[in-house]
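As a plain string of letters, each chain reads:
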Amino acid sequence: MTIQEKIEEYDLFDQSITRHGILEHIRDYEVIGYLSGAEFDMEVQYIFKGCIKSDYKVKVDPKWFSMDDRLLDLERQDELDYPQAFVWGARHAVVYPGWTLTDDSEVLKNLEIEYGLKFYKIHFDTNAYDLTLIFHDLDVKPIKRIEKIKTPHNNG
């Protein structure tokens, strides 16, 4: 299966990233996605193996960026003096307009010569940040399936 096929199997387009970061052994980078479907939701783990570069940049407009800790807690939104700013407590970023995968560029070719390995670059464009990773391989696996409760209104 190609890297493209692995990403598309559990496609993050218009879905959510709930967590990401370098793993404890410092070689690989983990992205946890939350995919919402009609019948069930699913948490998926993407491990970008041999990640040699990560670039994270917040896209929140400066006028909506706040360090007020109340914005970390969704439960406080009903407070009268709750700040009017980006709500960090949502705990996810929507991958929209999407992601792009590159496997052929001058930068990647130079890295392949230097390391003796094939490299890929993925860019996640979300509502809150841009995340770009350069990596060697990818493992993708579902980690949790959340069945949706059927009610008379959504039972079909």
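Preceding block: the structure.
The sections below set out a description of the structure shown in this document.

1. Concerning the pattern of salt bridges
Piece 1. According to the stated counting rule, one finds 13 salt bridges in the structure shown.
Piece 2. Measuring nitrogen to oxygen at the nearest pair gives 3.8 Å for the salt bridge that ties Lys59 to Asp130. Of the two residues, Lys59 is situated in the loop between strand E4 (53–58) and strand E5 (93–94) and Asp130 in strand E8 (residues 129–135); the sequence distance between them amounts to 71 residues.
Piece 3. Several salt bridges converge on common partners, so that one network encompasses Lys59, Asp125 and Asp130.

2. So, the nonpolar core
Piece 1. Judged by nonpolar contacts, the single largest core of 26 residues is most densely connected at Leu12, Val31, Tyr46, Phe48, Phe124, Leu133 and Phe135.
Piece 2. Leave out the neighbours within four places in its chain, and Leu12 touches Ile17, Val31, Gly33, Leu35, Tyr46, Val95, Trp99 and Phe124.

3. Points about the side chain of Gln45
Piece 1. Inspection of the secondary structure assignment puts Gln45 in strand E3 (residues 40–49).
Piece 2. Accessibility expressed as a relative area gives 12% for Gln45, which makes it buried.
Piece 3. Only 2.6 Å separates the side chain of Gln45 from the side chain of Glu30, close enough to count as a polar contact.
Piece 4. Sequence-distant contacts of Gln45, that is, excluding residues within four places in its chain, are made with Glu30, Val31, Ile32, Asp139, Val140, Lys141 and Ile143.

4. Here's the deal with the sheet that holds E4
Piece 1. Spatially, E4-E8-E7-E6 is the arrangement adopted by the four strands of the open sheet, whose pairing is antiparallel. This sheet does not close on itself; its edge strands, each paired only once, are E4 and strand E6 (98–102). Direction aside, the axes of adjacent strands within the sheet are offset by 10° on average.
Piece 2. Two elements, strand E7 (residues 120–125) and E8, share six bridges in a ladder whose sense is antiparallel. Paired with Asp125 across the strands is Asp130, a residue of E8.

What counts, and at which threshold
Residues numbered from 1 in each chain as written. Predicted model: local features only at pLDDT ≥ 70, side-chain atom pairs only at ≥ 80, totals over all residues. Heavy atoms only, no water. Salt bridge = Lys/Arg side-chain N within 4 Å of Asp/Glu carboxyl O. Helix = DSSP H or I, 4+ residues; strand = E, 2+ residues; numbered from the N terminus. Core = buried A, V, L, I, M, F, W, Y, C linked by side-chain atoms within 4.5 Å. Buried < 20%, exposed > 50% of the residue type's maximum accessible area, 1.4 Å probe, protein only. Contact = heavy atoms within 4.5 Å. Polar contact = N/O pair within 3.5 Å; in protein donor to acceptor, adjacent residues only side chain to side chain. Pairing = 2+ DSSP bridges. Axes fitted to C-alpha atoms, helices over the stretch in contact; angles between N-to-C directions.

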